[in-house]
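# Breakdown of the fold
So you can see what is in the structure, the chains are spelled out below.
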Amino acid sequence: MENNFIKCGLAGWSAELCYSSLIARTKNHDKRLMGQTSLYMFPIYGMAAAIGPIKQVLCAHSPVLQKSAFCRGGIYTGLIFFTEYCTGWLLRKAGRCPWDYSQAKLNVDGLIRLDFAPFWFALGLFFERCTAKT
């Protein structure tokens, strides 16, 4: 599990850096592709290591979930939103939340953006593969 924690933390960090680099390029016309993230994000992304065991439980109890990546991806999206909201709330209480989505149209308390659902869906399925037992 600790190996998966590191894999998911690094994968999440990398995805965030790529995303923020592309956003900077698109919105600010910054050709340097300078992305940004926070050290706080590593353990938050690392928590996705739980997706492997969650998949095992889901698939053991439901043939539909065993066959449907779409359904599992939806569950992972919900879990990622829940985790993002809770960790953001805790970090905000401590004055350390590295994100604030208050200006986005589809935000919830400035802590999650519902329009990120497709990204979380894909990343959840990617984390599923990262945490698969070989």
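Residues numbered from 1 in each chain as written. Predicted model: local features only at pLDDT ≥ 70, side-chain atom pairs only at ≥ 80, totals over all residues. Heavy atoms only, no water.

### Description of the packing of helix α5 (residues 69–93) against helix α6 (residues 117–130)
α6 packs onto α5 with a crossing angle of 110 degrees between their chain directions and a minimal axis gap of 8 Å. Compared by their axis directions, α5 and α6 come out roughly perpendicular. Of the residues in α6, those touching α5 at Ala69, Phe70, Arg72, Gly73, Gly74, Tyr76, Thr77, Ile80, Phe81 and Glu84 are Ala117, Trp120, Phe121, Gly124, Leu125 and Glu128. Grouping the amino acids of the contact of α5 with α6 by side-chain chemistry returns nine nonpolar, four polar and three charged. (Axes fitted to C-alpha atoms, helices over the stretch in contact; angles between N-to-C directions. Helix = DSSP H or I, 4+ residues; strand = E, 2+ residues; numbered from the N terminus. Parallel < 35°, antiparallel > 145°, perpendicular 65-115°, else oblique. Contact = heavy atoms within 4.5 Å. Nonpolar A, V, L, I, M, F, W, Y, C, P; charged D, E, K, R; others polar.)

### A look at helix α3 (residues 51–61)
For α3, the set of buried residues is Ile51, Gly52, Leu58 and Cys59. Down the axis of α3, the buried set is contained in an arc of 125 degrees. They therefore lie on one face. For α3, the exposed residues lying more than 90 degrees away from the buried face are Ala60 and His61. Residues of α3 that are buried make contact with α4 (63–67), α5 and α6. (Buried < 20%, exposed > 50% of the residue type's maximum accessible area, 1.4 Å probe, protein only. Arc of directions from axis to C-beta.)

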